[in-house]
Amino acid sequence: IVAFWFRGWQLPLLIQSIGHISGGHINPAVTFAYLIGSQMSLFRAFFYIVAQCLGALAGAAVLYGVTPSNMRGNLALNTLQPGISLGMATTMEVFLTLQLVVCIFAVTDERRNGRLGSAALAIGFSVLMGHLLGLYYTGAGMNPARSFAPAVLVRNFVNHWVYWVGPMIGGAMGALLYDFMLFPRMRGLSERLATLKGTRPPEAEGQQETRGEPIELKTQAL
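Not measured: the values here are computed from a predicted model.

**Digging into the UniProt feature "transmembrane region" (unreviewed entry) in the protein**
Argument step 1. Per the UniProt entry, the sites bearing "transmembrane region" (unreviewed entry) are residues 45–66, 86–107, 119–141 and 161–183 in this numbering.
Argument step 2. End C-alpha to end C-alpha, residues 45–66 measures 32 Å, and it is 100% helix and 0% strand.
Argument step 3. Across residues 119–141, helical content stands at 70% and strand content at 0%; the span's end C-alpha atoms are separated by 22 Å.

Set out below in structure tokens:
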């Protein structure tokens, strides 16, 4: 439990540090959610996900190398807990990631009249809540890159698809829920397609210049 509390505080610090550089996605499911919400291009989303997986592998490899063999264990590999079926696990990962993505979209939405508190801290608490809930079901993957890295190093991919399918579906559902129901974005199909292709209509570019200062987890189309 202490480790999950640490992660709940560590993530906001990381997002606050690199949010202005890359958007601070870190998580392929979050990047996929922004893609589904037509807030970034296919090109950028692909390379973000590749970079996230490579970064996770690099971090896990360093941890593997500096940890004595009698202490490595399975490098915190995400696995299904006894009695949890594949359907239960996938459903849990869907809803854990859905609440995270809705939180991210809500606290970083530039259309809000006022932003009280820290967006990064709110996201950290959302991750913490997800881990406290999902710990005894799936280990609370929520992030395919985080699940992928230890699976590669310990060469254990049993039921690994759950930690990709569940978060990706949850991320997509969170994006659609927020953008079409909770706080609809009044954008036409042409503007959405232009964003996905990496181009923006002139009027969209003009609107972007008039917005307020950027905050964490926002990306611009290439």
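This is not the end of the story, as more comes after the structure.
**Some thoughts on the nonpolar core**
When a protein is soluble and globular, its nonpolar side chains tend to lie buried together.
Argument step 1. Among the nonpolar cores identified, the biggest contains 25 residues, and Tyr34, Leu100, Ile104, Phe105 and Ile123 are the most heavily contacted of them.
Argument step 2. Broken down by secondary-structure element, the contributors of at least two residues to this core are α1 (2–22), α2 (28–36), α3 (42–66), α5 (86–107), α6 (119–134) and α8 (162–182).
Argument step 3. Those residues within four positions of Leu100 in sequence are excluded, and the remaining contacts are Asn27, Ile123, Ser126, Val127 and Met142.

**Observations concerning the packing of aromatic side chains**
Argument step 1. Tallying each qualifying case throughout the model produces six aromatic pairs.
Argument step 2. When the centroid spacing of 5.1 Å and the interplanar angle of 85° are considered together, the rings of Phe46 and Phe47 count as edge-to-face.
Argument step 3. Here Phe148 and Trp164 contribute two aromatic rings whose centre-to-centre distance is 6.3 Å and whose plane-to-plane angle is 80°, an arrangement assigned as edge-to-face. In this pair, Phe148 sits in helix α7 (residues 144–153) while Trp164 sits in helix α8, placing the two residues 16 residues apart along the sequence.
Argument step 4. A cation over an aromatic ring shows up here: Arg72 above the ring of Tyr64, its NZ or CZ 3.9 Å from the ring centre.
Argument step 5. Positioned above the aromatic ring of Phe183 is the side chain of Arg111, whose terminal nitrogen or guanidinium carbon lies 3.9 Å from the ring centre.

About the criteria used
Residues numbered from 1 in each chain as written. Predicted model: local features only at pLDDT ≥ 70, side-chain atom pairs only at ≥ 80, totals over all residues. Heavy atoms only, no water. UniProt positions renumbered as here; feature names shortened; annotations may be inferred. Helix = DSSP H or I, 4+ residues; strand = E, 2+ residues; numbered from the N terminus. Core = buried A, V, L, I, M, F, W, Y, C linked by side-chain atoms within 4.5 Å. Buried < 20%, exposed > 50% of the residue type's maximum accessible area, 1.4 Å probe, protein only. Contact = heavy atoms within 4.5 Å. Phe/Tyr/Trp six-rings, centres within 6.5 Å; stacked < 30°, edge-to-face > 60°. Lys NZ or Arg CZ within 6 Å of the ring centre and 35° of its normal.

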